[in-house]
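Summary of the model geometry
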Amino acid sequence: MKVLYAGNTANIGYNVVYHIRKINVNIELLMQKNPRVDSDPIVRDSTLNKIYPKWINFYDKTKSLWKINILKKMQNYDLILANSSLILYAYFSHKPYIIQPIGSELRVTAFSKSLKGFLMRRSLRKANVVIIATPASELLIKKLKIKNYFMIPCHPEISFFNPGKTLKTDFNDNFTIFHPTNLNWKEKGNDILIKGVAIFLKKYPKTTLLIVEHGIDLKKTYELIKKLDIEKNIKFIKGPLIYEQLKFYYHNADVVADQFIGSEIGAIGREVLCSQKPLLANFDKVAYETQFDTAPPIMRANTPDEVCSKLELLLDDETRDKYGKDGRLWMEKNNLMDAFVGKYKIICKSVISKENFEILKTKIDNFENS
């Protein structure tokens with residue numbers, strides 16, 4: 001069994017391959033050459049010592065035939081796993097394939113009235129198996145009337161983010177809120193955080209909000225901060241940040257604020273929980289209680305007033321310490337990488353052997369209950 005994982009958006013592909021190889025599956029990764037910082041394994045995993053493993057293959061978008069080269073590469077494998085834009089290549093490879101949608105390819109592209117949207121829907125429907133991680137994704141899969149899917153949570157962040165010691169820095173005298181999230185108001189609700197912090201500052205002026213400079217709404221963010229007259233309490237950090245920088249700010253901030261519109265806990269949220277820091281964000285508590293029995297200990301907020309009131313609670317040292325420790329414990333309890341890779345191995349073997357999906361489903365259900 002020779003497997004190729006195609007795509008490495010947000011280093012998901014690297015994490016999946018890294019863990020699955022531990023259980024003796026012959027799987028390799030295909031990723032873009034010269035990737036973005038947040039999709040570069042060398043930036044994420046310091047143990048690589050700036051050398052890519054031999055099991056990583058690259059495609060080069062600067063080459064005229066890069067699309068054809070991807071399809072040729074896929075012909076050397078028995079099975080293709082794919083995420084993001086490489087899902088379409090898996091479909092056109094005419095190889096058995098499994099899809100692991102992780103972002104806009106399911107949420108946005110698959111529902112768009114465009115040629116790419118049509119192809120994404122077709123790719124999802126023709127896949128041997130679709131693997132999703134959250135209840136929100138399951139709702140979208142059901143809207144597309146896809147039945148051959150499994151919901152298998154994947155929390156690889158716990159392999160790379162751990163509690164760390166707070167160091168003395170130039171902002172430690174102030175109550176410090178770190179906001180590393182991409183500045184995209186429509187998807188992340190960054191303006192909700194900023195407005196909430198502005199309310200909070202009226203009572204607690206000795207506060208610093210650290211904002212990472214990256215995203216389509218950076219200019220609007222500057223303008224809002226100026227309009228609210230809170231510039232002296234804002235410190236911008238040039239981004240995107242490499243993982244060692246993220247760890248530094250996670251460890252040294254009092255609170256980390258993520259997104260305030262979505263219903264899911266994304267990579268940043270999971271990284272914060274692993275780092276044993278209190279997280280301020282929005283999420284669907286009921287959905288997580290349904291999936292994991294208990295919801296993660298997160299300060300929920302989706303309005304400026306809620307942001308302010310939750311920050312007031314987090315001024316207390318003991319409260320912050322409790323949320324941080326409980327968050328780490330929740331991630332440890334629900335770190336399902338062993339289950340994830342075990343199920344992935346079963347699914348890969350089943351697809352290659354052309355096993356009936358109902359038989360595969362029984363195997364996965366029995367694995368769940370073993």
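As shown above, the structure is provided for reference.
Scope of this entry: the structure provided in the associated data block. If you're wondering where the values come from, they're calculated on a predicted model, not measured in any experiment.

1. Comments concerning the nonpolar core
Ranked by size, the top nonpolar core spans 61 residues in total, and within it Tyr5, Leu81, Ile98, Val129, Phe178 and Ile347 carry the most contacts. At seven residues, the largest contribution of residues to this core is made by helix α16 (residues 337-352). Excluding residues that lie within four positions of it along the chain, Leu81 makes contacts with Val3, Leu4, Tyr5, Ala6, Ile27, Ile98, Tyr344 and Cys348. Residues Leu30, Leu88, Leu144 and Tyr149 belong to the second largest nonpolar core, which totals 31 residues.

2. A look at the sheet that holds strand β4 (residues 79-82)
Pairing is parallel across the open sheet formed by seven strands, whose spatial order is β3-β2-β1-β4-β5-β6-β7. Here the strands that pair on one side only, and so sit at the sheet edges, are β3 (56-59) and β7 (149-151). If you compare each strand with its neighbour and ignore which way they point, the axes differ by 25 degrees on average. Pairing analysis gives four bridges linking strand β1 (residues 3-6) to strand β2 (residues 27-32), with the strands arranged parallel. For Val3, the partnering residue across the bridge sits in β2 and is Ile27.

3. Here we look at the pattern of salt bridges
Using the criterion set out here, one finds 11 salt bridges in the structure. One salt bridge connects Lys247 with Glu244, and the closest N-O pair in it is separated by 3.5 Å. You can see Lys247 and its partner Glu244 sitting in helix α11 (residues 243-252), three residues apart, about one turn around the helix. Under the relative-accessibility criterion, Lys247 is labelled buried at 18%. Glu244 sits in the partly exposed class, given a relative accessible area of 39%. Here Arg320 and Asp254 are joined by a salt bridge, their closest N and O atoms 3.7 Å apart. One end of the pair, Arg320, is in helix α15 (residues 317-333); the other, Asp254, is in the loop between α11 and β11 (255-257), and 66 residues separate them in sequence. Comparing Arg320 with Asp254 shows no difference in burial state: the two are buried. Residues joined by salt bridges that share partners form a network here, namely Asp254, Asp317 and Arg320.

Reading the values: rules and limits
Residues numbered from 1 in each chain as written. Predicted model: local features only at pLDDT ≥ 70, side-chain atom pairs only at ≥ 80, totals over all residues. Heavy atoms only, no water. Core = buried A, V, L, I, M, F, W, Y, C linked by side-chain atoms within 4.5 Å. Buried < 20%, exposed > 50% of the residue type's maximum accessible area, 1.4 Å probe, protein only. Helix = DSSP H or I, 4+ residues; strand = E, 2+ residues; numbered from the N terminus. Contact = heavy atoms within 4.5 Å. Pairing = 2+ DSSP bridges. Axes fitted to C-alpha atoms, helices over the stretch in contact; angles between N-to-C directions. Salt bridge = Lys/Arg side-chain N within 4 Å of Asp/Glu carboxyl O.

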